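Structural characterization, general
Here's the letter readout for the chains.
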Amino acid sequence: MTLAAAHGPSALWYATRGTGAVTLVLLTASVVLGIVEVRAWRPAGTSLVAVASLHRTFSLLAVALLAVHVVTTLLDPFPHIGALTAVIPFAGSYRPLWVGFGAIACDLLLALVITSLLRRRLGFGAWRGVHWFAYVCWPLALVHGLGSGSDAKTSWMLLLTAACAGAVVLALLARLAGPATRPRLRTLARVGTGLAAIAFVVWLAQGPLARGWARRAGTPASVLAAFAPPGSASAPAARAAARSSLDQPFSAGLRGVIKRGHSAGGSAVVDLRMHLTRGPPGVLRIRLGGQPLADGGLLMNRSAVSFGPPSDAARYRGRVEALRDTVLQTLVGSPQGNAVRLVIRLFFNGGSVRGDVQGTPVGSSGQ
């Protein structure tokens, strides 16, 4: 069996970034329409019913894109973010504060959409009370994207953020300018909006745009070590923190079985399930996906690796970093920030696989 790698960032990584950005745009459009709808604003020749329908459509699209964003995040094996983190704020170990803000925004958005669909049964008062949380959901989503995402310093993300923030601020100012707003409330709201904008810019400059944000935001040491350039100043600190019960280099044999199949999208899938022999007890599972080759092999374009002792087989997770013929190299990390680099040599025989593995905890003298 022949394996070949198609190098480049994971498709799940691109999908997570893209759906997150589009969800923010849709949520911004929904908030802006919700604000101007109160003032009975509408383009010439358009009814208020059409504006309300557009507002509801944007909200539903935001929920649909949010679902894809959550699913692709959970499917990406490195860094590993558990399913509970998507709905329970601050439950994870990867940038817990900023991912937690996203979980709160997710829960609030779902509540807003559900209550809109049940508006006639709930009554206007209850529906309106819940919809005040839209003014909390949007800034949480904005901060979540900048605090936990990998694109905070890119020009396109900064322009997108500025456009979304500017649209919401302009809509708020337009609403406050209406005759129904009391002068004192209008003044307080304008001052509050200005102070919030200043605080946001200061946080952005000292936070996501500042050097070392990934570490200060709560990125596990295993992830920092995996993506740090060779010889960089941040790598030794990350590697020094990466320790686990497998704190000594080891060598072991491998034996297991091969399962072949196809994903829902039609691509080929190879599932290698192995256990360690002639060494420390352990379980290793490698899942490869990609295009099938004419000789029965696989052109890999995505992967997932799990490794650990038999009592905790998925303690470490990661993906294949390098692949030449049947020699694989991967860095797997745990939610606690520990990491182990594995060099794996495989030999295939029908439905079985054997080989050997060398493991080196990140930060040992072998690195």
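Residues numbered from 1 in each chain as written. Predicted model: local features only at pLDDT ≥ 70, side-chain atom pairs only at ≥ 80, totals over all residues. Heavy atoms only, no water.

Quick word on the overall build of the protein chain
When helices and strands are counted, the protein chain shows eleven helices and nine strands. Across the 367 residues of the protein chain, 41% fall into the buried class. Carbon together with sulfur atoms contributes 64% to the accessible area of the protein chain, which is approximately 19,000 Å² in total. (Helix = DSSP H or I, 4+ residues; strand = E, 2+ residues; numbered from the N terminus. Buried < 20%, exposed > 50% of the residue type's maximum accessible area, 1.4 Å probe, protein only. Areas by Shrake-Rupley, 256 points an atom, 1.4 Å probe, with all protein chains shown as cover.)

Here we look at the environment of Ile81
Structurally, the position occupied by Ile81 is in the loop between helix 2 (48-75) and helix 3 (96-117). Looking at Ile81, the relative accessible area reads 12%, which means it is buried. Separated by eleven residues in the primary sequence, Ile81 and Val70 have C-alpha atoms spaced 10.0 Å apart. When neighbours within four sequence positions are excluded, Ile81 is seen to be in contact with Thr73, Leu74 and Tyr94. (Contact = heavy atoms within 4.5 Å.)

With respect to the pairing of strand 4 (residues 283-292)
Bridging between strand 3 (residues 268-277) and strand 4 involves eight bridges; their strand directions are antiparallel. Residue pairing for strand 4: Met274 is matched across the bridge by Leu284. If you look at the hairpin formed by strand 3 and strand 4, you'll find five residues sitting between the two strands, and Arg278 has a positive phi there, around 50 degrees. (Pairing = 2+ DSSP bridges.)

Remarks on the packing of helix 7 (residues 155-176) against helix 8 (residues 183-206)
The contact between helix 7 and helix 8 brings their axes to 10 Å, and the two run at 170 degrees. Judged by the inter-axis angle, helix 7 sits roughly antiparallel to helix 8. Contacts between helix 7 and helix 8 pair Leu158, Thr161, Val169, Leu173 and Leu176 from the former with Arg186, Ala189, Arg190, Thr193, Phe200 and Leu204 from the latter. (Axes fitted to C-alpha atoms, helices over the stretch in contact; angles between N-to-C directions. Parallel < 35°, antiparallel > 145°, perpendicular 65-115°, else oblique.)

Looking at the confidence of the model for the protein chain
Summing up the model confidence of the protein chain, the mean pLDDT is 82 and the portion of residues at 70 or higher is 83%. Averaged pLDDT values over the elements of the protein chain bottom out at 45 in helix 11 (residues 234-241) and peak at 92 in strand 9 (residues 352-361). Here residues 235-245 is a poorly scored stretch, pLDDT under 50, and it has 23 contacts once near neighbours within four places are set aside; other chains count. (pLDDT = per-residue confidence, 0-100.)

Topic: the nonpolar core
Counting 37 residues, the largest nonpolar core has Leu27, Trp98, Leu109, Cys137 and Trp138 as its most contacted members. Listing elements by their share of this core, those giving two or more residues are helix 1 (11-38), helix 2, helix 3, helix 6 (134-148) and helix 7. In terms of residue count, helix 1 provides more of this core than any other element does, nine residues in total. Membership of the second largest hydrophobic core comes to 28 residues, among which are Ile258, Ile286, Leu328 and Phe348. (Core = buried A, V, L, I, M, F, W, Y, C linked by side-chain atoms within 4.5 Å.)

A look at the state of the cysteines
One pass over the full model with this rule turns up zero disulfides. Left without a disulfide partner, Cys137 is nearest to the cysteine sulfur of Cys106, which lies 8.6 Å away. Since its relative accessible area comes to 1%, Cys137 is described here as buried. (Disulfide = S-S within 2.5 Å.)

Some words on a positive patch on the surface
A cluster of basic residues, Lys153, Arg211, Arg215 and Arg216, forms a positive patch at the surface. As for its position among the elements, Arg216 is in helix 9 (residues 213-216). (Patch = residues over 30% accessible without salt bridge, like charges linked within 9 Å, V, L, I, M, F, W, Y side chains within 5 Å. Salt bridge = Lys/Arg side-chain N within 4 Å of Asp/Glu carboxyl O. Lys, Arg positive; Asp, Glu negative; His and termini not counted. Charge placed at Lys NZ, Arg CZ, Asp CG, Glu CD.)

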